[in-house]
2 protein chains.
Amino acid sequence: MQEVKLPRREREKLRHRRQMLAAALALFSEKGYHNVSMHEIAESAEFAIGTLYRFFANKEDLYRALMLEHAEKFHEALTKALETPDDEIEKLRHYVRVKGEVFGGNLSFVQLFLAESRGARVNIKARLDEEVRKGYDETLERLASVFKRGMTKKRFKRIGDPYALAVALDSVVNAFLLLSLEWPDRYPYPEDPDKVLDILFRGVLET
Amino acid sequence: MQEVKLPRREREKLRHRRQMLAAALALFSEKGYHNVSMHEIAESAEFAIGTLYRFFANKEDLYRALMLEHAEKFHEALTKALETPDDEIEKLRHYVRVKGEVFGGNLSFVQLFLAESRGARVNIKARLDEEVRKGYDETLERLASVFKRGMTKKRFKRIGDPYALAVALDSVVNAFLLLSLEWPDRYPYPEDPDKVLDILFRGVLET
DNA sequence: CTACAATGTGAACGCTGCGTCATGTTTTGA
DNA sequence: TCAAAACATGACGCAGCGTTCACATTGTAG
């Protein structure tokens, strides 16, 4: 994680790259992939098109870089949240809380992801999706194994397949996050993770 | 609902229109709005481009027609499902079952909807979204009021805001549907709606 | 059979947007 | 100080797409 000792030139190069990615993210998330031109991105980042193409082979490559970098961040955070040595219930609480935090700190990326990710955007992605998706699926598997462990420990009722439960929890979390995005005032994402988990907990927990 | 008594010519016109819409839906859902050209649609429907433009003013108009027609179908079905005079629990069961049915019968539309609806596809839609979204929101409101009624009747615990519960249920249903789309064998959408509802019920129901 | 309306056709046009490359500018190292 | 390497630039070529319109074909009514 230490990258301070790079030749002056290289550091600037990286900084430029980041600026371009940032500009691209802002534009993509606001207008959607297809409604943003490479010229627009270059202009917004205050570089010439040629320069943009010096960093990214083409539009899709730029997009892929954007997605991969952010997705990795998400994946790491959520994985770590589930790695804490706490018991199962506490793990789920961590998950809900951390997901809310990472989400809130990367709104434009989330917006972009939701806008472009679902369905068969065959040309774009197809391969990208596979990579991003892999991390997401892995997270879901870890979530599922938390449920599974909880069941064998008799802390959770065997209400359904652990993976299905993981999917259910994650989708509820997503729904609440989306809701808070639309009406931040009326439905803010709750500080207390149990406000979310109760929906499952009060049913899943062994009484 | 009876439209049989139309002049021969008109009926053919309608049939052609439907063929074009069907071709468009197939292509859009497979490749996404922006990756399908009007030429492609025309060819796939076995008409000339000029003919296509005789039926739809432009690409967006065609897309709008597609979305509106299908969305209406969905909206009607779900509204009816919640209108049955049964008690609250039965209504929810209806909802889960009917949504599964309509979903299963319109896979390509669902795929298209999921692909294009989320996020800020500013140019396209914006206005369309508003129309389709309206129906969706209305359905959610009705769902919410089912939860509310159930609470006042003391059949449901007051675990959270009724609207939030509605959103949660709907998102779980969607997640299960999506899941069944990806792995039909391992996670088929359950015949028995309680398989889905249990996740909420066993927590929400007053013991 | 004829004239008119309705419907179908596809070549052509204008425009947008991706990606290239010859040229100019800055940095480096000797 | 100077040559070579690294980097930046933006006018241009080119392909693809949405849309139009003058013309052809088919159906209808008198």
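Note that residues are indexed from 1 along each chain, following the sequence as it is written. Here the convention is simple: chains get letters from A, ligands get numbers from 1, in the order in which they are written. Under the rules for a predicted model, residues below a pLDDT of 70 receive no local features and side-chain atom pairs below 80 are neither given nor counted, while totals for whole chains, interfaces and linings still include all residues. Side-chain figures throughout are based on the complete set of non-hydrogen atoms in the structure, without hydrogens or water.

Q: What is the right way to look at the overall build of chain A in this model?
A: Helix and strand definitions here come from DSSP, where helices need a minimum of 4 consecutive H or I residues and strands a minimum of 2 consecutive E residues; each element is numbered from the N-terminal end. Along the backbone of chain A there are nine helices and zero strands. Secondary structure elements of chain A, listed N to C terminal, follow the sequence α-α-α-α-α-α-α-α-α. Here the term buried applies to any residue with accessible area under 20% of the maximum for its type, exposed to any over 50%, and partly exposed to those in between, with areas from a 1.4 Å probe on protein chains only. Expressed as a percentage of its 207 residues, the buried residues of chain A come to 48%. By definition, residues are in contact when any of their heavy atoms lie within 4.5 Å. Summarising the internal contacts of chain A: among those between residues at least 6 apart in sequence, 66% fall at separations of at least 24. Where accessible areas are quoted, they stem from the Shrake-Rupley method and a 1.4 Å probe; at the residue level, only the protein chains shown are allowed to cover. Here chain A has roughly 11,000 Å² of accessible surface; of this, 50% comes from carbon and sulfur atoms.

Q: In this structure, what is going on with the protein's contact with DNA strand C? I would like to understand it.
A: Any residue with at least one heavy atom within 4 Å of a molecule or strand is counted as near it. Near DNA strand C you find 18 residues, and of these M38(A), K59(A), H16(B), G50(B) and T51(B) are the closest. Counting only atoms of DNA strand C within 4 Å of the protein, the sugar-phosphate share comes to 65%. Here a polar contact means two N or O atoms within 3.5 Å. Within protein one must be a hydrogen donor candidate and the other an acceptor candidate, and residues neighboring in sequence count only if both atoms are side-chain atoms. Interatomic distance of 3.1 Å between a side-chain N/O atom of T51(B) and a phosphate oxygen of DNA strand C. Where the surface near DNA strand C is concerned, the elements lending two or more residues are α2 (38-45) of chain A together with α1 (8-31) and α3 (49-55) of chain B. Examining the composition of the surface near DNA strand C, we find that five residues originate from one element, α3(B), more than from any other. Think of it as three bins: nonpolar holds Ala, Val, Leu, Ile, Met, Phe, Trp, Tyr, Cys and Pro, charged holds Asp, Glu, Lys and Arg, and polar takes everything else, Gly as well. When grouped by side-chain class, the residues that make up the surface near DNA strand C number seven nonpolar, six polar and five charged.

Q: It is not clear to me how the domain arrangement of chain A should be interpreted in this structure. Could you clarify?
A: Interface size is often expressed as the accessible area that is lost when the parts come together. Residues and elements named next belong to chain A. Its domain assignment divides chain A into domain 1 (1-56) and domain 2 (58-204). Counting from both sides, the interface comprises 15 residues of domain 1 and, opposite them, 18 residues of domain 2. Buried area counts how much accessible surface, traced with a 1.4 Å probe, disappears from two parts once they are put together, with both parts' losses summed. Per-residue buried area on domain 1 facing domain 2 is highest for L25, Y33 and F56; these three make up 43% of the total on that side. What makes a salt bridge here is a side-chain nitrogen of Lys or Arg within 4 Å of a carboxyl oxygen of Asp or Glu, nothing more. Counting across the interface, domain 1 meets domain 2 through one salt bridge. In this structure, E69 engages R17 in a salt bridge whose closest nitrogen and oxygen atoms are separated by 2.8 Å. How far each domain reaches was decided by an automatic or database domain assignment.

Q: It is not clear to me how the packing of helix α8 (residues 162-182) of chain A against helix α8 (residues 162-182) of chain B should be interpreted in this structure. Could you clarify?
A: Where α8(A) contacts α8(B), the two axes come as close as 8 Å, and the packing angle between them is 130°. Comparing their axes, α8(B) and α8(A) come out oblique. Like other packed secondary-structure pairs, α8(A) and α8(B) cross with a definite hand, here right-handed. Contacts from Y163(A), A164(A), V167(A), A168(A), S171(A), V172(A), A175(A), F176(A) and L179(A) of α8(A) reach α8(B) at Y163(B), A164(B), V167(B), A168(B), S171(B), V172(B), A175(B), F176(B) and L179(B). Of the residues that constitute the contact of α8(A) with α8(B), the class distribution is 16 nonpolar, two polar and no charged. Note on definitions: angles span 0 to 180 degrees between N-to-C directions of axes, and those axes are lines fitted to C-alpha atoms, for helices only across the stretch in contact. Throughout this description, any angle smaller than 35 degrees is read as roughly parallel, any larger than 145 degrees as roughly antiparallel, any in the 65 to 115 degree range as roughly perpendicular, and the remainder as oblique. In a left-handed crossing the near helix is turned counterclockwise from the far helix by less than a right angle, and in a right-handed crossing that turn is clockwise.

Q: Any chance you could explain the packing of helix α4 (residues 59-83) of chain A against helix α5 (residues 88-105) of chain A here in plain terms?
A: Residues and elements named next belong to chain A. Between α4 and α5, the shortest axis-to-axis distance is 8 Å and the interhelical angle comes to 160°. Regarding the angle of α4 to α5, the classification is roughly antiparallel. α5 is crossed by α4, and the crossing has right-handed handedness. Contact with α4, carried on its side by F74, A77, L78, A81, L82 and E83, involves K91, H94, Y95, V98, K99, V102 and F103 of α5 and no other residues of that element.

Q: Sorry if this is basic, but what is going on with the protein's contact with DNA strand D here?
A: Around DNA strand D, a shell composed of 19 residues is seen, among which G50(A), T51(A), M38(B), Y53(B) and K59(B) lie nearest. Counting only atoms of DNA strand D within 4 Å of the protein, the fraction found in sugar and phosphate groups is 64%. Between DNA strand D and G50(A), the relevant distance is 3.4 Å, taken from a base nitrogen to a main-chain nitrogen or oxygen of the residue. H39(B) is positioned with one of its side-chain polar atoms (N or O) 3.2 Å from a base oxygen of DNA strand D.

Q: Where do I start with unusual backbone geometry in this structure?
A: With glycine set apart, most residues show a phi of negative sign, and most peptide bonds adopt trans. We note that K154(A) has phi near 65°; this positive angle belongs to a residue other than glycine. Among the structural elements, K154(A) can be located in the loop between α7 (127-152) and α8. We classify K154(A) as exposed; its relative accessible area is 64%. Of note in this structure, E46(B) is not a glycine but carries a positive phi near 60°. Take E46(B): it is sitting in the loop between α2 (38-45) and α3.

Q: Where do I start with α5(A) in this structure?
A: At 3.6 residues per turn, the α-helix brings residues three or four places apart onto the same side. Helix length check: α5(A), at 18 residues, gives a terminal C-alpha distance of 26 Å against a target of 26 Å (1.5 Å per residue), a fit within 8%. For α5(A), the set of buried residues is E88(A), I89(A), K91(A), L92(A), Y95(A), V96(A), V98(A), K99(A), G100(A), V102(A) and F103(A). The span you would expect from a helix comes to 1.5 Å times its residue count less one.

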